[in-house]
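The residues making up each chain are set out below.
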Amino acid sequence: MNRKRVVSGMRPTGKLHLGHLVGALQNWERLQHQYDCFYFVADWHALTSEYADTAGITAAAMDNIADWIGAGIDPEKSTIFIQSLVPEHAELYLLLQMITPISWLERVPTYKEQQEQLAEKDLSNLGFLGYPLLQTADVAIYDAHYIPVGEDQVPHLELSREVVRRFNNFYPGASLVEPQPLLTPTPRLPGLDNRKMSKSYGNTIDLSDSAEDVVKKVRQMYTDPNRVRADIPGTVEGNPVFIYHDAFNPNTAEVEDLKSRYRAGKVGDVEVKTKLSAAINAMLDPIRERRAKALARPGDLRDLAIEGSTRARTHAEVIMDRVRGAVGLKY
Ligand code: TRP
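Residues numbered from 1 in each chain as written. Predicted model: local features only at pLDDT ≥ 70, side-chain atom pairs only at ≥ 80, totals over all residues. Heavy atoms only, no water.

1. Brief notes about the overall build of the chain
The helix and strand inventory of the chain stands at 14 helices and five strands. Against the 2.2 N^0.38 benchmark of 20 Å for 331 residues, the chain shows a C-alpha radius of gyration of 22 Å, consistent with a compact globule. When the backbone C-alpha atoms are referred to their principal axes, the chain occupies close to 80 × 40 × 40 Å. A buried classification covers 48% of the 331 residues belonging to the chain. Long-range contacts, defined here as pairs at least 24 residues apart, represent 78% of the contacts in the chain between residues at least 6 apart. Across the chain, the 39 positively charged side chains and the 44 negatively charged ones have centroids separated by 2 Å. (Helix = DSSP H or I, 4+ residues; strand = E, 2+ residues; numbered from the N terminus. Rg over C-alpha atoms; globule rule 2.2 N^0.38 Å. Buried < 20%, exposed > 50% of the residue type's maximum accessible area, 1.4 Å probe, protein only. Contact = heavy atoms within 4.5 Å. Lys, Arg positive; Asp, Glu negative; His and termini not counted. Charge placed at Lys NZ, Arg CZ, Asp CG, Glu CD.)

2. A word on the domain arrangement of the chain
As far as domains go, the chain holds domain 1 (5-189 + 298-327) and domain 2 (209-290). Contacts between the two partners involve nine residues from domain 1, matched on the other side by ten residues from domain 2. Interface of domain 1 and domain 2: buried area, both sides summed, is about 740 Å²; carbon and sulfur atoms make up 79% of it. Three residues stand out in domain 1 for area buried against domain 2, namely L18, G70 and L189, and they jointly supply 56% of the buried area on that side. At the junction of domain 1 with domain 2, the criterion picks out zero salt bridges. Seen at the junction of domain 1 and domain 2, the total is two residue pairs in polar contact (both at pLDDT 80 or more). At the level of elements, α1 (18-31) and α3 (57-70) are the ones that each hand at least two residues to the side of domain 1 that touches domain 2. Ranked by residues supplied to the side of domain 1 that touches domain 2, first place goes to α1 with three residues. (Domains from an automatic or database assignment. Buried area = accessible area lost by both parts, 1.4 Å probe. Salt bridge = Lys/Arg side-chain N within 4 Å of Asp/Glu carboxyl O. Polar contact = N/O pair within 3.5 Å; in protein donor to acceptor, adjacent residues only side chain to side chain.)

3. Description of the site of the ligand
Close contacts around the ligand come from 13 residues, with R11, Y131, Q135, D138 and Q153 the closest. In the model, an oxygen atom of the ligand is placed 3.4 Å from a nitrogen or oxygen of the R11 side chain. For the ligand, a nitrogen atom lies 2.7 Å from a polar atom in the side chain of Y131. Isolated, the ligand exposes 370 Å² of accessible area, and the fraction of that covered by the protein chains is 90%. Among the elements that line the shell around the ligand, the one with the most residues is helix α8 (residues 131-140), at four residues. For the shell around the ligand, the per-class residue count stands at six nonpolar, five polar and two charged. (Near = heavy atom within 4 Å. Areas by Shrake-Rupley, 256 points an atom, 1.4 Å probe, with all protein chains shown as cover. Nonpolar A, V, L, I, M, F, W, Y, C, P; charged D, E, K, R; others polar.)

4. Comments concerning the nonpolar core
One broad rule of soluble globular proteins: the nonpolar side chains tend to lie buried together. Ranked by internal contacts, the top residues of the largest apolar core, which has 49 residues, are L18, W68, Y244 and I280. Looking at this core, you find at least three residues from each of domain 1 (5-189 + 298-327) and domain 2 (209-290). Setting aside its immediate chain neighbours within four residues, Y244 contacts L18, L189, P190, G191, L192, M197, I205, M221, N249, L276 and I280. Among the nonpolar cores identified, the runner-up in size contains 41 residues, and L134, A144, A174 and A312 belong to it. (Core = buried A, V, L, I, M, F, W, Y, C linked by side-chain atoms within 4.5 Å.)

5. Quick look at helix α11 (residues 240-248)
Since the α-helix turns once every 3.6 residues, residues separated by three or four places project in the same direction. Where α11 is concerned, the buried positions are P240, V241, F242, Y244, H245 and F248. If you follow the buried residues of α11, they end up packed against α1, α12 (252-264) and α13 (269-296).

6. Considering the environment of T235
Relative to the assigned elements, T235 resides in the loop between α10 (211-219) and α11. Overall, T235 belongs to the partly exposed group, its relative accessible area being 42%. Between the C-alpha atom of T235 and that of D138, which follows or precedes it by 97 residues, the distance is 44 Å. Non-local contacts of T235, meaning those with residues more than four positions away in its chain, are made with D224 and Y262.

7. Points about the packing of aromatic side chains
This model, assessed by the stated rule, comprises 13 aromatic pairs. When the centroid spacing of 6.5 Å and the interplanar angle of 65 degrees are considered together, the rings of F128 and Y131 count as edge-to-face. Overall, the relative accessible area of 7% leaves F128 in the buried class. An aromatic cluster of at least three residues, connected via ring pairs, comprises F38, F40, F81 and Y142. Directly above the ring of W104 sits R166, whose terminal nitrogen or CZ lies 5.6 Å from the centroid. Lying across the ring of Y201, R195 places its NZ or CZ 3.8 Å from the centre. (Phe/Tyr/Trp six-rings, centres within 6.5 Å; stacked < 30°, edge-to-face > 60°. Lys NZ or Arg CZ within 6 Å of the ring centre and 35° of its normal.)

The structure is reproduced here in C-alpha cells:
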C-alpha cells in the first residue's frame, strides 16, 4: 500500500463553523479514502499571533479534534495529531531557516496584510514572519505531496516549494518533496450578515451550535433587503439564504421551488428560512452526535491525539534522520 501523502493543519483559535466544514473538513474526509492523510492541530502557528494569551489553545485543540471526528475524519484512516507533540517540525524549521532569505518571507502577501488587519496585535515578532516557513516544515517533514488548502494559502505553498528546491540544491540527499496545493473547489459561504464569515464578526453557525441556535441564527439571517414584504419579487443570486440552501439542502427540487417562488414574490422569508434551518440541522445532526460522543470521553480523545502524535513522530523521525545526514550533521 503506497498511497501518496496528504498533510493539512488548522490553528486552534476557537470553535469551528460551517465555513471550516465546507472549506476544509468535508474535503479532508473525502481525501482519507484515497490518500495517507495526516491532519494536525497547528498550535505553534496559533502562538505566532496569540503569544500574549495562550490560555485557550489546548481547549480549542481538543474541541477542534472533536469537530474533525464529528465531520467524519476517522482516526483509523487518518493520523490526527498535535504539531507541538512532534518536535521534528521545529527541528526541520530551524534547518530551513539557514537557507531562507528573509526577503522571501517579507514578500509573502499575507505577512503585511495580516499585520494591517490585526493592527491591535504586535506582529513584528520573528515567529510571525516565519509562519509560512514553519508551515513548510509541517509538510516537508512527512514527504507530503498534496496539501488541501483554501485559495488564501496558495502563496504559502509557493514559498514552500521555493524553499524546498533551495534546500535540495544545497543538500541533495535531503530529497525533500515539493508540496502541491490541492485546492478545495467550494462556494464561498458568506457570514449570516453577508459580510465575510468570521468568528470575530459573530456571524457564524458553529458545528457545536444546538438545533435551536441554528433556528435562531437562520431566522436573523440577511436576505434581499429590498423585499420588505413577501409579495415583492426577490433576488436569489448572491442572497446568503439561497447560497446556504445550495450548500446544505440536498432536496434540490425544494430549493428550486423556493427560488422560483421567491423570484415571483410568492413565498415568505419564514418558509425559506424554516426549510433552511431544517436542512442545516439534518446535516449537522450526525456531526453533533459523533462530536458529543468524542467529548463525552475527554481522556480517550486526549489519548487519540497523543497516539496520533506518536505515530506521526515515527514518520517525521525517519525523514529528519535523512535530512540530518544530508546536511552533514550525523554524529
Ligand atoms: N496556515 C494554515 C491556515 O491558516 C494552517 C496550517 C499550518 C497549515 N500549517 C499547515 C495548513 C500545513 C496546511 C499545511 O489555514
